Amino acid sequence: MTEEFEPKIVGFLCNWCSYAGADLAGVSRIQYPPNLRIIRVMCSGRIDPAFILEAFRSGADGVLISGCHPGDCHYIAGNYKAQRRGILLKRLLEQFGVEPQRLRIEFVSASEGAKFAAVVKEMVEDIKKLGPSPLKVQTEGLIYA
Amino acid sequence: MKQGEKETPRIGVFICHCGINIGGVVNVPEVVAYAKTLPDVFYAEDNLYTCSSDGLNKIKEGIGKYNLNRVIVASCTPRTHEPLFRATCEEAGVNKYLFEMANIREHCSWAHMHEHERATEKAKDIVRMAVAKARLLQPQTEPEIDVTPSALVIGGGISGMTATLCLADQGFKVSLVEKEPELGGMLRNLHKLYPTMQDASESLGHFIEAVKSNKSIDVFTSTVVKEVKGFIGNFKVTLQKGNSETANLDIGTIVVATGATVFEPVGMYGYGEHENIITQLQLERLLKEGKLKKPERVVMIQCVGSREEKGRTYCSRVCCMTALKNAMLIRELYPETEVYLLYRDLQTYGQRYEHHHREAQDKGIRFIKYALEKSPEVSAGKNGKLEVNIYHALLGEQLKIESDLVVLSTPLIQHEDAKELSKMLKVPLGSDGFFFEAHVKLRPIEFATDGIYVCGTAHSPKDTAESVSQAFGVASKAAIPMALKRLKTEAITALVDEDLCSGCRICEAVCEYSAIEMQEKEGKLTSKVLEALCKGCGTCGASCPTGAITMRHFTDNQLIAQIKAAPQVVKEVAKT
């Protein structure tokens, strides 16, 4: 493989803050690498840890969870729940041999287009250093029913 | 026969060029060709502008001609355009929940303007993910509810009274709750209001009179809201007066107009140590009561406890104009008194206020700019005077001002008890402590929770004119559901599979809206969703250990299909 490794990152963004922050990055024409695939959920509290594991199993090299800032959740406290679940999941991932840095939890508000772009850029750089997900290498060639 | 659960999906994909906004970066025809290869896609086309009437007609034609039962528009963000496309689908007989949007503008062409090839690949991925979800979309019926034609306004200041009167004028019954024994709020403490220099008590008098004499308005003073249950159109509110007396109300919509209080700068600039160091609010009271003794020199310090590096980072909006107004009032009262105004940035914003700045300069107010890192220092001087040391940022010199009175301009801050109200109403406070609206531009005076609205300084620091405008806005917003009498509510709610539910009650514990109730059925404890209370955040679904709960329109299966579709490369898709 001579081409540079381009990680695939799956991002779960809440509808109210982070998805809107990603919109703002676009509206502001802030350029960031096209490695992220965004899945919109109403609240980061909706993100079942199983979804994150599924993303890694399906070949993601990284997963981004992004919700509203502490205190700004449109559903009162979904972001805290997402954060707590995410932190626990990082430990679990480590036991699977997946570097915990591949899962990133961020707070991005609807007004933080620049922050959103910076987070994606940084994440792509970090994961490029780590290389492809070990889970992806292990499961390559397997066919799921 | 349309839209049954078992029908085979027939997906139509409409890909928008958005002029050159998408088409100038993403190779749209290539994405159209790719979309046609995806499972269950029966039709795909590109449009110059899908949101134009021409584009919308194309969607309707496509639905009719190809018998489509799922529609995807790949264009901009659903946050602005989803309602339009959903309505178009409904017009053509396709349930609006069978529509899905693929955001290839904000999230793709605009963010990757110089990488045409990779942006095109990403657009294909985004469309593939939308197709994966659309295949599993189900039609939903939005529940209809009745709306009680009666409003609750919390807070009897100028904002609350304005909203109350406006709602009553529209023919609705209004209950106005004020925790203090008197109506009037912050304005009761103020002397004269800028820019008209009208007496605050004079304007207030008219309002209080109008509220009290209106037969559609029930005023509850010395009363607080004790409990709020229910949902838009059907709130059950309990009020408490004193320690015992309570009242129960049936309410359709709720307005939060609880106002703000003023920051007490204890420990800053010697406040609390010397009686001649006061806040701008205390100065108002002295002026109002005619108790200000003639000072030789007054120093006002702006941005005390606001626009900080951390903590209260916000600008309190009213302090610059308040200080200018009071400085000029002092000069009118005592023309020989010197008034210094120490500021960081003077923000006499907008079309009305800038000339007051010039007027103050003409009237001999002295302005000194200081920097945050070199803030003035106040200490006790000789003969009971105060000494203000200030680094003059423009002259580059340290100055010493001897003063009889130091006035600190402190910001408006949220009331302590707002946290309790926020929890009770299930509406958020922002990181600055103020009530937080659903969207700063698109829904600026309502909460994400339906049927609850906010106005005045409870929302953010603002002056009387701005509070009154916002209160009128809120009154018309809060009247809409009551005028409609019946409402449809969003069908994105939780769904419990009773067979899988183990009755562990975790969902009940994590739900912030008390929307989950346990029920016993045939000897088995299972959870039940109270749909009208459910806001669809999905945190119950994410915490359910048995996978018994999912969310309508964001089901586990739909999200997992999107996840699986996300990292795939094009070739792998062709295989399946």
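Cut-offs applied
- Residue positions within a chain follow its written sequence, with the count starting from 1.
- Chain letters and ligand numbers both follow the written order, the letters beginning at A and the numbers at 1.
- Reporting in this predicted model follows two pLDDT cut-offs: at least 70 for local features of residues, and 80 or more for side-chain atom pairs to be given and counted; totals over whole chains, interfaces and linings ignore these cut-offs and use all residues.
- Note that the side-chain values use all heavy atoms of the structure and ignore hydrogens as well as water.
- Note on conventions: DSSP H or I runs of at least 4 residues are helices, E runs of at least 2 residues are strands, and numbering of each starts at the N terminus.
- For the exposure calls, accessible area comes from a 1.4 Å probe over protein chains only, and a residue counts as buried if that area is under 20% of its type's maximum, exposed if over 50%, partly exposed in between.
- Residue contacts follow a heavy-atom distance rule, with two residues in contact if any of their heavy atoms lie within 4.5 Å.
- We get accessible surface area from the Shrake-Rupley algorithm with a probe of 1.4 Å; when it comes to residues, only the shown protein chains can shield them.
- Working definition: the arc comes from the directions between the helix axis and the C-beta atoms, pointing outward to the latter.
- Any pair of N or O atoms that falls within 3.5 Å is considered a polar contact. Within protein, one atom must be able to donate a hydrogen and the other to accept it, and sequence-neighbouring residues count only if both atoms are side-chain atoms.
- Computed with a 1.4 Å rolling probe, the buried area is the accessible surface lost when two parts are put together, summed over both parts.
- Note on definitions: salt bridges are taken to be side-chain nitrogens of Lys or Arg within 4 Å of carboxyl oxygens of Asp or Glu.
- In plain words, nonpolar cores are sets of buried Ala, Val, Leu, Ile, Met, Phe, Trp, Tyr and Cys residues tied together by side-chain atoms within 4.5 Å.
- Inter-axis angles, ranging from 0 to 180 degrees, are taken between N-to-C directions of lines fitted to C-alpha atoms, where helices are fitted over the stretch in contact.
- Small angles under 35 degrees read as roughly parallel and large ones over 145 as roughly antiparallel, with 65 to 115 read as roughly perpendicular and the rest as oblique.
- Each crossing gets its hand from how the near helix is turned against the far one by less than a right angle, where anticlockwise is left-handed and clockwise is right-handed.
- Charged residues are taken to be Asp, Glu, Lys and Arg, nonpolar residues to be Ala, Val, Leu, Ile, Met, Phe, Trp, Tyr, Cys and Pro, and polar residues to be all remaining types, Gly included.
- Put plainly, a pocket is an open set of points on a 1 Å grid over the protein atoms alone with protein on both sides within 12 Å along at least five of seven lines, a cavity is a set where a 1.4 Å probe fits but cannot get out, and a lining residue has an atom within 4 Å of a point.
- Grid points are joined across faces, edges and corners, and a volume is the space filled by probe spheres set on the points.
- For every residue, the pLDDT score states the predictor's confidence, bounded by 0 at the bottom and 100 at the top.
- For this text, the term disulfide refers to a pair of cysteine sulfurs within 2.5 Å.
- Whether two strands pair depends on DSSP finding at least two bridges between them.

1. Quick notes on the overall build of chain B
Now for step 1: Across its full length, chain B holds 16 helices and 30 strands.
Now for step 2: Principal-axis analysis of the C-alpha atoms places the extent of chain B at approximately 90 × 60 × 45 Å.
Now for step 3: Per-residue burial over chain B gives 56% buried out of 576 residues.
Now for step 4: Summarising the internal contacts of chain B: among those between residues at least 6 apart in sequence, 69% fall at separations of at least 24.
Now for step 5: Counting every atom, chain B has about 25,600 Å² of accessible surface; 50% of that belongs to carbon and sulfur.

2. A word on helix α11 (residues 418–425) of chain B
Given 3.6 residues to a turn, an α-helix orients residues that are three or four positions apart in the same direction.
Residues and elements named next belong to chain B.
Now for step 1: Among the residues making up α11, those that are buried are A418, L421, S422, M424 and L425. Projection of α11 onto a plane perpendicular to its axis shows the buried side chains occupying an angular sector of 165°, all on one side. Turned more than 90 degrees from where α11 packs its buried face, K419, E420 and K423 sit exposed.
Now for step 2: The elements touched by buried residues of α11 are β6 (150–154), β11 (223–229), β14 (253–256) and β25 (452–454).
Now for step 3: At the C-terminal side of α11, K426 shows a positive phi close to 60°.

3. Details of the environment of B:V406
Residue and element names in this part refer to chain B.
Now for step 1: Mapped onto the elements of the fold, V406 is located in strand β23 (residues 405–408).
Now for step 2: With relative accessibility at 0%, the residue V406 sits in the buried group.
Now for step 3: Note: C-alpha distance between V406 and V298 (108 residues apart in sequence) is 5.9 Å.
Now for step 4: Setting aside residues up to four positions removed in sequence, V406 forms contacts with N276, I277, I278, V299, I301, V378, L386 and V388.

4. A look at the environment of B:R317
All names here are of chain B.
Now for step 1: Assignment of secondary structure puts R317 in the loop between β17 (297–301) and α9 (319–333).
Now for step 2: R317 sits 53 residues away from Y370 along the chain, and the two C-alpha atoms are 18 Å apart.
Now for step 3: Contacts of R317, omitting those with residues within four sequence positions, involve Y349, P461, K462 and E466.
Now for step 4: Within the local environment of R317, its side chain forms a polar contact with the side chain of Y349, the two groups lying 3.4 Å apart.

5. Re the interface of chain B and chain A
Now for step 1: Each partner contributes residues to the interface: chain B has 53 residues there, and chain A has 48 residues.
Now for step 2: Summing both partners gives a buried area of about 4,500 Å² for chain B against chain A, and 58% of it is carried by carbon and sulfur.
Now for step 3: Among the residues of chain B in contact with chain A, B:R79, B:H107 and B:I563 are the three that bury the most area, contributing 15% of the side total.
Now for step 4: At the boundary of chain B and chain A, one finds six salt bridges.
Now for step 5: Between A:R40 and B:E82 there is a salt bridge, and its shortest N-O distance comes to 3.6 Å.
Now for step 6: At the boundary of chain B and chain A, one finds 21 residue pairs in polar contact (both at pLDDT 80 or more).
Now for step 7: Contributing elements (two or more residues each) for the side of chain B that touches chain A: α3 (78–91), α4 (105–109), α5 (116–134), α14 (539–543), β30 (549–551) and α15 (556–565) of chain B.

6. Things to note about the nonpolar core
Now for step 1: Ranked by internal contacts, the top residues of the largest apolar core, which has 124 residues, are A:F12, A:I52, B:L167, B:V255, B:L283, B:M300 and B:L341.
Now for step 2: With eight residues, α9(B) is the single largest residue contributor to this core.
Now for step 3: For B:L341, the contacting residues outside a window of four places in its chain are B:M300, B:Q302, B:A323, B:L324, B:L346, B:I365, B:R366, B:F367 and B:I368.
Now for step 4: Ranked by size, the runner-up nonpolar core spans 45 residues in total, among them B:I11, B:I22, B:Y34 and B:Y43.

7. A short note on the packing of helix α2 (residues 49–57) of chain A against helix α3 (residues 78–95) of chain A
Any two packed helices are characterised by how steeply their axes cross, that is the angle between the axes, and by the distance between the axes.
Residue and element names in this part refer to chain A.
Now for step 1: Across the interface, α2 lies against α3 with an axial gap of 10 Å and an inter-helix angle of 40°. Considering their axes alone, α2 and α3 lie oblique with respect to each other. The handedness of the crossing between α2 and α3 is right-handed. Here P49, I52, L53 and F56 of α2 lie close against α3, whose contacting residues are R85, L89, L92 and L93.
Now for step 2: For the contact of α2 with α3, a count of residues per class yields seven nonpolar, no polar and one charged.

8. Things to note about empty space enclosed by the protein
Now for step 1: According to the stated counting rule, one finds five cavities of 30 Å³ or more in the structure shown.
Now for step 2: Within this model, the largest cavity holds a volume of roughly 220 Å³.
Now for step 3: If you trace the largest cavity, you find 18 residues lining it, with A:Y19, A:I38, A:R40, B:M101 and B:Q562 closest to the centre.
Now for step 4: Among the secondary structure elements, those contributing two or more residues to the lining of the largest cavity are β2 (36–41) of chain A together with α3, β4 (99–103) and α5 of chain B.

9. Some details on the confidence of the model for chain A
Now for step 1: Confidence in the prediction of chain A, expressed as mean pLDDT, is 90, and 92% of residues score 70 or more.
Now for step 2: Mean pLDDT across the elements of chain A bottoms out in helix α5 (residues 134–139) of chain A (72) and peaks in β2(A) (98).

10. Some remarks on the state of the cysteines
Now for step 1: By the definition in use, this model includes one disulfide over all chains.
Now for step 2: The disulfide that involves A:C17 links it to A:C68, with 2.3 Å between the sulfurs. With the S-S dihedral at roughly 100°, the linkage between A:C17 and A:C68 falls on the right-handed side. Placement of A:C17 in the loop between β1 (9–14) and α1 (18–27) and of A:C68 in the loop between β3 (62–67) and α3 is noted, with a sequence separation of 51 residues between them. No difference in accessibility class separates A:C17 from A:C68, as the two residues are buried.
Now for step 3: Free cysteine B:C166: the closest other cysteine sulfur is in B:C455, separated by 11 Å.

11. A short note on the sheet that holds strand β7 (residues 173–177) of chain B
All names here are of chain B.
Now for step 1: Here we have five strands laid out as an open sheet, ordered β10-β7-β6-β14-β25, and parallel in their pairing. Looking along the sheet, the strands with just one partner apiece sit at the ends: β10 (217–220) and β25. Ignoring strand direction, the axes of neighbouring strands in this sheet form an average angle of 20°.
Now for step 2: Judged from the four bridges that link them, β7 and β10 form a sheet pairing that is parallel. Residue pairing across strands places V174 opposite I217, the latter belonging to β10.
Now for step 3: Together, β6, β7, β10 and β14 form the strand contacts of helix α6 (residues 158–169), whose direction differs from that of β7 by roughly 165°.
Now for step 4: Of the strands in this sheet, β6, β14 and β25 touch α11, which is tilted by about 160° from β14.

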